[in-house]
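Commentary on secondary and tertiary structure
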Amino acid sequence: MYAEPLPPSGGIDARSVRRTLGTYSMDFWELFLRETLQNSWDAATGDRPAEFSVDGWRLKAEQLQSLRRLLPGADLDTPDLRVLTVTDTGTSGLTGPTRADRVGRDDPRDFVDLVRNVGRHPDKGFAGGTYGYGKAVLFEASNIDTVVIFTRIETTAGLQSRLIGMSLTDPYRDGRRQYTGRHWWGVPHSDVGVEPVTGPTAEHLARAIGLTRLPGDGTGTSIMVIAPRTGEEPLSDVVALMADTATRYAWANTVGQEGSPPGLTLRFTFDGSRIDLPDPATDARLRYFVEAHRRCRSVFDGAAGDHPWPWVVQEIVGTRPEQRLGVLAWRTYRSGASGSHARPPAEIALMRRPGLVVEYRNVTPDPFGYAIGGVFIADPELDKDFARAEPPTHDRWQPRLAQRQRYARNPVSQALNRIDRVFRERRADNATAPTTEAATGVSRLANVLGTLLDTQAGGTDTRIPAGSDKAAPNPPTTPSGAPASHTGTPTAGNGGNGSQQGHHGRGPRSTPGPALRFHPRPRQTLLADGSRAVEFDIDLTGSSGAPLTLIAQPLVAVADGAPEPADETTPVEVLHWRDRDNGDLTPGPRLTLTSVTSEHWTVTLTQPADAAVTVRVRQEEVTPR
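This section reports on the structure supplied with the text.

Before going further, it helps to spend a moment on helix H6 (residues 199–208). Taken residue by residue, H6 has Ala202, Glu203 and Ala206 as its buried positions. What you see down the axis of H6 is that its buried residues fit within an arc of 100 degrees, all on one side. Contact partners of the buried residues in H6: strand E4 (146–155), strand E5 (158–168) and strand E10 (197–198). Positive phi appears at glycine 210, one or two residues downstream of H6, with a value of about 100 degrees.

A few words now on unusual backbone geometry. Excluding glycine, most residues fall at negative phi; most peptide bonds, likewise, are trans. Following tryptophan 309, the chain continues into proline 310 via a peptide bond in cis, with omega recorded as 10 degrees. Look at aspartate 145: it is not a glycine, yet its phi comes out positive at around 60 degrees. With respect to the helices, strands and loops of the structure, aspartate 145 is situated in the loop between helix H5 (136–140) and E4. Positioned with a positive phi, alanine 227 is a non-glycine residue whose angle comes to about 55 degrees.

Here we take up helix H10 (residues 411–429). With 19 residues, H10 ought to run about 27 Å at 1.5 Å a step, and its terminal C-alpha atoms sit 26 Å apart, in line with that. Among the residues of H10, those classed as buried are Pro411, Val412, Gln414, Ala415, Leu416, Arg418, Ile419, Asp420, Val422, Phe423, Arg426 and Arg427. Residue asparagine 410 occupies the N-cap position of H10, its side-chain oxygen lying 3.0 Å from the main-chain nitrogen of valine 412.

A separate point is the side chain of serine 142. Along the chain, serine 142 falls in the loop between H5 and E4. A polar contact of 3.1 Å, which involves the side chain of serine 142, links it to the backbone nitrogen of isoleucine 144. From its side chain, serine 142 meets the backbone nitrogen of aspartate 145 in a polar contact 3.0 Å long. For serine 142, the residues in contact, after removing those within four places along its chain, are Val225, Ile226, Ala227 and Arg229.

Looking now at the nonpolar core. Of all hydrophobic cores here, the largest spans 65 residues; its most connected members are Phe32, Trp251 and Phe268. With 10 residues, the top contributor of residues to this core is helix H7 (residues 235–254). Not counting residues within four places of it along the chain, the set of residues in contact with phenylalanine 32 comprises Leu84, Val86, Val137, Leu138, Ala141, Val225 and Met242.

Take the environment of leucine 235 next. Position of leucine 235 relative to the elements: it lies in helix H7. Taking the C-alpha atoms as reference points, leucine 235 and aspartate 271, 36 residues apart in sequence, are found 9.9 Å from one another.

Let us now look at the sheet that holds strand E14 (residues 312–318). With mixed pairing, the five strands of this open sheet are ordered in space as E14-E15-E18-E16-E17. Each edge of the sheet is formed by a strand with only one pairing partner; in this case those strands are E14 and strand E17 (357–362). Each adjacent strand pair in this sheet contributes to an overall mean axis angle of 20 degrees, direction not counted. Pairing analysis gives five bridges linking strand E16 (residues 346–351) to E17, with the strands arranged antiparallel. Bridging from a neighbouring strand, isoleucine 348 pairs with arginine 361 of E17. Where H7 meets the sheet, its contacts fall on E16, E17 and strand E18 (371–378), and the angle it forms with E17 comes to roughly 120 degrees.

On to the side chain of threonine 98, then. Tracing the chain through its elements places threonine 98 in the loop between strand E3 (82–89) and helix H4 (110–115). Among the polar contacts made by the side chain of threonine 98, one reaches the side chain of glutamate 195 at a distance of 2.7 Å.

Within the structure shown, the criterion is met by 29 salt bridges. Between glutamate 51 and arginine 267 there is a salt bridge, and its shortest N-O distance comes to 3.3 Å. Highlighted residues: glutamate 51 in strand E2 (residues 50–58) and arginine 267 in strand E12 (residues 264–270), separated in sequence by 216 residues. The partner of arginine 324 in a salt bridge is glutamate 315, and the shortest N-O contact between them spans 3.1 Å.

Here is what the cut-offs are and how they apply
- Residues numbered from 1 in each chain as written.
- Predicted model: local features only at pLDDT ≥ 70, side-chain atom pairs only at ≥ 80, totals over all residues.
- Heavy atoms only, no water.
- Buried < 20%, exposed > 50% of the residue type's maximum accessible area, 1.4 Å probe, protein only.
- Helix = DSSP H or I, 4+ residues; strand = E, 2+ residues; numbered from the N terminus.
- Arc of directions from axis to C-beta.
- Contact = heavy atoms within 4.5 Å.
- Expected span 1.5 Å × (residues − 1).
- Polar contact = N/O pair within 3.5 Å; in protein donor to acceptor, adjacent residues only side chain to side chain.
- Core = buried A, V, L, I, M, F, W, Y, C linked by side-chain atoms within 4.5 Å.
- Pairing = 2+ DSSP bridges.
- Axes fitted to C-alpha atoms, helices over the stretch in contact; angles between N-to-C directions.
- Salt bridge = Lys/Arg side-chain N within 4 Å of Asp/Glu carboxyl O.

By themselves these figures say nothing about function.
As structure tokens, this is what we get:
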């Protein structure tokens, strides 16, 4: 064992290394899995699929004895010692020199970045993981802050094996000498303290302590965490948690693309028993993300494919300069068992070039009670900007980290704001969703029952999308989630045909009135005093320009499905008409049309708590005086 003394010029100590992770937003073992998996994926050669394995077990007596010989001075007195190993195969392994002071023009530096250095070498680039700050998770994962690292690499002389032990403790003094708290076990060396064990000896020691996952003719890396810090949680549960985490964050690399095999295989075992992993392409939780990822990739590949409802695929574009920030693909879907009161998820998986999910970002929930699932992939041209926005834990995008100039536009900030805006404006353009889980459940039940009233005019269920003057990102849907056509769909006040209008004035009309097109879905909203209201959008077409008055009459649903006029038992008030072009309000139920009147209107009614509301609009001629 070699303990590193603090050099006369000063340096960083082990305690500081362990603090480099900073804060993180997830369970520690999720973070551990993500960091080690990212490092492994970075080392993938691309020549063949890589395999990432996590194995947990209790050391056999002979393995424990070999480990004690390998790590003299380590705290290995417990007879029931458990270990956790992470192994990548089909990767390049920890290549490059074993000394940090040796620099070549194009030499990789994976070994010294993990074993010797602290931080990120400037030539490392911005791949998903880094053998710099993130390696602190290895030591945080161990009760005795100790790991054993075994790697096999390809050199000009053939395959070379390397094995070294490493530990981080608090800095300490021994006599008059200060030590950093960094320790290594290996072959003594006068310049660097120790060098790794190499060749057949490294292979023999690795097998003796149980590091057998690397095939004899393959390259890769295996890291053993001694005495995993699991607290009261069984190691088997920790391995199962990491298996679930790997599936959730690495699915894009485990699913083949366009007929090609997967680039990554995952394997998790405990005490020799393998943990089964779901197929992301068919898993109820992940399949929509997998499909969204495929659709995003097709845009980057230049394919002008069709994206039928309910899919929405769009490029997210920034300004100053105008540039593509990435591609967003998403859809709505039914989530959970019938009758569940849980709020449906609304998540967008944020990703960039390495293909691992950075974060599942919560977006504004769907106003109709559906779940939202989708993917945003940052444009490859901006990969460095998005990579800079990631903290050492790589678990989110923090735009301030990517700010290159004080007043420059930040592409990461723009992208996140525009993603949020897509769903925020979608909600604002439709309805105010129920604010409690119970209200969501009641809305679902009411929606199902409402399908039985096939003579009912369009009502005020907030799960049903509103129409729009512009092409909506999601077409209007029926309660079953299927697209609803404008023709033949019962809509407020027209009995089922959007081109007709009600005429209830007395006497013949010499001048034909405009056709009233009711948008097929109303929407609920909140008034300034906190009470609820419902809005119906109406378009006018074919008007001659002659003065005419439209009168809105509130109707409420009754048991037999035929709407009836509102009365004192169920009072409903027409609040106003609103010009959707300029926002002007006309109070009350009456709207007078002239030659310069807008063709796009919204009529707003109060919404009782215990009734479904619709509206009938009749026309009356204006008699000149």
